[in-house]
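Letter by letter, the chains look like this.
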Amino acid sequence: MNRKVMTLDEFTIQELRNYPGATGQLSGLLRDIGLAAKRVNVEVNKAGIADILGEAGKINVQGEKVKKLDEFANDQFISSLRSSIYCCGVASEEEENFIAFDDEHSKNSKYVVLLDPLDGSGNIDVNVSIGTIFSVYRRLTPTGTVCELEDFLQPGYVQIAAGYIIYGSSTMLVYATRRSVQGFTLDPSIGEFCLSHPNLKCPGESDIFSVNIGYYHLYEDKVRNAIDYFLAKDEHGKIYRHRFVGCMVAEVHRTLIQGGIFMYPAFGKYAGGRLRLCYECNPMSFIMEKAGGLAMATGRQRLLELKPSKLHQRVPVFLGSRNMMDVWQRIVNS
Ligand code: AHG
Ligand code: MN
Ligand code: MN
């Protein structure tokens, strides 16, 4: 057995040693999130046999059909954070309002968590990657009280940590803090996330672009110009590759490892963007920036500087490697 492989818990505890002022609360929170992720992973892996496929017969606050796994993941993450002593409240894509935990331990804790419990749920029935996205903020209200809406509506650049779990060909948990981005792969033989991708950096150069081409005719002209550029050979004869999985977690994960640009522009009925600022775009933009990439809401607007006005706000998003983002910015700002 390779004893050098570090589990998520071992890693976060080692990090504590490096930062003597740290209290260990964030480590505890990551452990609780990791536990919920392992429970969800078990259900994801048996989705085909466990009468958990298909829709739960409800419409969520976003007006979308709720899949059974969406509900299951939502319940697991919220109950894990409710029993955690490191979280004073949760906001979830699947819940209309935030949930404030009012027991003494929770009220005395300093972090709130925002969640997309199941991302890419359209992929569940067809055995393609899905994920979970989480984001951690330090509360603005005083500890000892119940948390309030303002604790959740902070700009993305003040995130304490953000991460995702990808349930793919293997299950991984990737998280960023202000210092670094670390990737862990679930070792099913011991049921632990083990450090497999230390200090992740998004390649500065790549040739992959990712966007839903199906909505091409609904995008604004400048976005179409950027897509046209990537579809044609560029002035140096460079040919770009296109990927689209239909799961933001999978797109961002690929972009972190192989580089590229992921775009989810505004279109049609989603004139303000489709993906959610607080649950999807802020955490992914934080991870991307900490890995050395860029994340924008428009050609000139850094996504992490937006101040959310409501929990379920949507936003256009463009993120990825510097060379691809430079090309995109040059075109949309021209
Ligand atoms: P969710 O499953 O949380 O609703 O999010 C799915 C999102 C996102 O992850 C993905 O990029 C997008 O939906 C795909 O939708 P389209 O196929 O309509 O582009
Ligand atoms: Mn999602
Ligand atoms: Mn979701």
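Residues numbered from 1 in each chain as written. Chains lettered and ligands numbered in written order. Predicted model: local features only at pLDDT ≥ 70, side-chain atom pairs only at ≥ 80, totals over all residues. Heavy atoms only, no water.

Under an unreviewed UniProt entry, the name given to the protein is Fructose-1,6-bisphosphatase class 1, and the source organism is Chitinophaga pinensis. Under the UniProt heading Subcellular location (unreviewed entry), the entry covering the protein gives this text: "Cytoplasm". (UniProt positions renumbered as here; feature names shortened; annotations may be inferred.)

Enquirer: Go over the overall build of the protein, please, and point to the residues and values.
Expert: Counting its secondary structure elements, the protein contains 9 helices and 17 strands. A compact globule built from 334 residues would reach a C-alpha radius of gyration of about 20 Å, and the protein, at 19 Å, matches this within 12%. Based on the C-alpha atoms only, the size of the protein along its principal axes is roughly 60 × 45 × 45 Å. Evaluated residue by residue, the protein yields a buried proportion of 57% over its 334 residues. Long-range pairs, those at least 24 residues apart, make up 65% of the contacts in the protein with a sequence separation of at least 6. (Helix = DSSP H or I, 4+ residues; strand = E, 2+ residues; numbered from the N terminus. Rg over C-alpha atoms; globule rule 2.2 N^0.38 Å. Buried < 20%, exposed > 50% of the residue type's maximum accessible area, 1.4 Å probe, protein only. Contact = heavy atoms within 4.5 Å.)

Enquirer: Can you explain the coordination of the manganese ion (ligand 2)? Please cite residues and give values.
Expert: Those protein atoms acting as donors to the manganese ion (ligand 2) are Asp116 (OD), Asp119 (OD) and Glu280 (OE), and they sit at 1.9 to 2.2 Å. Read N to C, the donor residues that coordinate the manganese ion (ligand 2) are spaced as D-x2-D-x160-E. Separating the manganese ion (ligand 2) from the manganese ion (ligand 3) is a gap of 3.7 Å, bridged by Asp116, which donates to each. In this pair, Asp116 sits in strand 5 (residues 111–119) while Glu280 sits in helix 8 (residues 277–290), placing the two residues 164 residues apart along the sequence. With a relative accessible area of 1%, Asp116 lands in the buried category. For Glu280, a relative accessible area of 1% puts it in the buried group. (Donors = N, O, S within 2.8 Å, 3.2 Å for Na, K, Ca; no water.)

Enquirer: Report on the sheet that holds strand 11 (residues 208–210), specifying residues and quantitative values.
Expert: Strands sit in the order 12-11-13-17-15 across an open sheet of 5 strands; the sheet is mixed. Either end of the sheet is taken by a strand with one partner, and the two such strands are strand 12 (241–242) and strand 15 (294–296). As judged from the 2 bridges shared by strand 11 and strand 12, these two strands associate in the parallel manner. Residue pairing for strand 12: Phe209 is matched across the bridge by His242. Set on the sheet, helix 9 (residues 322–332) makes contact with strand 11, strand 13 (261–264), strand 15 and strand 17 (317–320); between it and strand 15 the angle comes to about 30 degrees. (Pairing = 2+ DSSP bridges. Axes fitted to C-alpha atoms, helices over the stretch in contact; angles between N-to-C directions.)

Enquirer: Kindly report on the side chain of Thr255, identifying the contributing residues and their values.
Expert: Tracing the chain through its elements places Thr255 in helix 7 (residues 248–258). Filtering out sequence-adjacent residues up to four positions away, Thr255 remains in contact with Cys202, Pro203, Gly260, Phe262, Met288 and Gly320.

Enquirer: Pulling in residues and values, what's your account of unusual backbone geometry?
Expert: Residue Asn127 is not a glycine yet carries a positive backbone phi of 60 degrees. Structurally, Asn127 can be placed in the loop between strand 5 and strand 6 (130–138). Assessed through its relative accessible area of 75%, Asn127 is described here as exposed. Backbone geometry at Asn199 places phi at a positive 45 degrees, although glycine is not the residue there.

Enquirer: Outline the site of ligand 1, supporting the account with residue identities and numerical values.
Expert: Taken together, 18 residues lie near ligand 1, and Asp119, Asn212, Tyr215, Met248 and Tyr264 sit nearest. A distance of 2.9 Å is found between an oxygen atom of ligand 1 and a backbone nitrogen or oxygen belonging to Gly120. Contact with the protein chains removes 87% of the 480 Å² of surface that ligand 1 exposes when unbound. Elements with a minimum of two residues in the shell around ligand 1: strand 5 and strand 14 (275–276). Looking at which element gives the most residues to the shell around ligand 1, the answer is strand 5, with 3 residues. (Near = heavy atom within 4 Å. Polar contact = N/O pair within 3.5 Å; in protein donor to acceptor, adjacent residues only side chain to side chain. Areas by Shrake-Rupley, 256 points an atom, 1.4 Å probe, with all protein chains shown as cover.)

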